[in-house]
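Notes for the structure review
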Amino acid sequence: MLTDLQALTLARWLSPGYPVGAFAYSHGLERAIADGWVRDRDSLEDWLRDTLEHGTGFNDALLFAAAHAAPDQAHAIDATARAITASHERLIETARQGAAFARTESQVSDASGAHLAYPVALGVAAARHGLPLRPALAMYLQAFAANLVSAAQRLMPLGQTEGQRLQAALAPLCAGIAETAARSSLDDLSSTTFLGDIAAMRHETQQPRIFAT
């Protein structure tokens, strides 16, 4: 169980106000909307569910869990995180957010932080602070989904209330993925979200565009 202080630590790390620059990334969603693959609330929910369960969401949770279990192996886990990114800008996305998180956390907590991929950096920090894995994973996944919902609200007709309803609908999935990832290993890394990877690749040359990746 999370203590009050641990819950507040996670809320601070995963807040939109924490300076990792997550707001700048749509994770390929901007291209998917431009190409008509995501058109409305229902197709957005399908896209996000697949991304969470069969793509980056699940893989990030595995990387987070591995770093949490073995922070002394963070650099090897980081190498895996970088190797499995499907496009150049997705590598930039995870590397820059991880570096920003480590830089800020080192200044706030007086702890040295290596520049690691974002889920790896969070897993190491969570272990250092003694945060329990499953709620940390669930909150990480919820924040990931919330950022993409926020991006969609700037790209398509999706009101704030509808965005919150969508996040609420995704919450049980985030919790379920966290439970699965907590008892899995890096041997379970995989991705079948091919359209998401293609969208991220095509987005690199999209003009004009609002977001990176």
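Here we summarise the structure given alongside this text. (Residues numbered from 1 in each chain as written. Predicted model: local features only at pLDDT ≥ 70, side-chain atom pairs only at ≥ 80, totals over all residues. Heavy atoms only, no water.)

Topic: the overall build of the protein chain
Convention followed: For the purposes of this entry, the term helix denotes a DSSP run of H or I that reaches at least four residues, the term strand denotes a run of E that reaches at least two, and both are numbered from the N terminus. A simple rule labels every residue: compare its accessible area, found with a 1.4 Å probe on the protein chains alone, to the largest value its type can have, and call it buried under 20%, exposed over 50%, or partly exposed in between. Between two residues, a contact is recorded if the distance between any of their heavy atoms is within 4.5 Å. Note that accessible areas follow from Shrake-Rupley with a 1.4 Å probe, and for residues the cover is restricted to the protein chains shown.
The number of helices and strands found in the protein chain is 10 helices and 0 strands. The secondary structure elements of the protein chain, listed N-terminal to C-terminal, are α-α-α-α-α-α-α-α-α-α. Oriented by its inertia axes, the alpha-carbon framework of the protein chain measures out at about 45 × 35 × 35 Å. Split into buried and exposed, the 213 residues of the protein chain put 49% on the buried side. By sequence separation, contacts in the protein chain at least 24 residues apart represent 79% of the contacts at least 6 residues apart. For the protein chain, the computed accessible surface area is about 9,900 Å², with 55% contributed by carbon and sulfur atoms.

With respect to the environment of Ala200
Inspection of the secondary structure puts Ala200 in helix α10 (residues 194–203). Overall, Ala200 belongs to the buried group, its relative accessible area being 0%. Taking C-alpha positions, Ala200 is 7.6 Å from Leu29, a pair spaced 171 residues apart along the chain. Setting aside chain neighbours within four positions, we find Ala200 in contact with Gly28, Ser87 and Arg90.

Some words on the pattern of salt bridges
Filter applied, for reference: A pair is scored as a salt bridge if a Lys or Arg side-chain nitrogen falls within 4 Å of a carboxyl oxygen belonging to Asp or Glu.
One pass over the full model with this rule turns up 9 salt bridges. One salt bridge connects Arg90 with Asp197, and the closest N-O pair in it is separated by 2.7 Å. Taken together, the positions of Arg90 in helix α6 (residues 88–109) and Asp197 in helix α10 put the pair 107 residues apart, joining distant regions of the chain. By the burial criterion, Arg90 is buried, and Asp197 matches it. Two residues, Arg165 and Glu162, come together in a salt bridge whose shortest N-O distance is 3.2 Å. Of this pair, Arg165 and Glu162 both sit in helix α9 (residues 160–182), 3 residues apart, which is roughly one turn of that helix. Linked by salt bridges that have partners in common, Arg41, Glu45, Arg49, Glu162 and Arg165 make up one network.

Digging into a negative patch on the surface
Defined as follows: Each patch is built from residues lacking any salt bridge and having more than 30% relative accessible area; the joining distance is 9 Å for like charges and 5 Å for nonpolar side chains (Val, Leu, Ile, Met, Phe, Trp, Tyr). Only four residue types enter the tally: Lys and Arg on the positive side, Asp and Glu on the negative side, with His and both chain ends excluded. Where a charge lies is defined by one atom per residue type, namely NZ (Lys), CZ (Arg), CG (Asp) and CD (Glu).
A surface patch of like charges, here negative, comprises Asp40, Asp42, Asp46, Asp50 and Glu53. By secondary structure assignment, the location of Glu53 is in helix α3 (residues 41–54). Since its relative accessible area comes to 39%, Glu53 is described here as partly exposed.

So, the nonpolar core
Just so we agree on the cut-off: Put simply, buried Ala, Val, Leu, Ile, Met, Phe, Trp, Tyr and Cys residues joined by side-chain atoms within 4.5 Å make one nonpolar core.
Within the largest apolar cluster, 57 residues are counted, with the highest numbers of intra-cluster contacts made by Trp13, Leu29, Leu44, Leu52, Phe101 and Val120. Ranked by the residues each element gives to this core, the list is headed by helix α8 (residues 133–153), at 11 residues. Each residue touching Leu44, except ones within four places of it in the same chain, is listed here: Leu29, Val38, Ala152, Met156, Leu158 and Leu166.

Examining the environment of Trp37
Looking at the element boundaries, Trp37 is found in the loop between α2 (29–34) and α3. Sequence separation of Trp37 and Leu195 is 158 residues, and the distance between their C-alpha atoms is 8.9 Å. What Trp37 contacts, discounting residues up to four positions off in sequence, is Ala32, Ser43, Trp47, Leu195, Ile198, Ala199 and Arg202.

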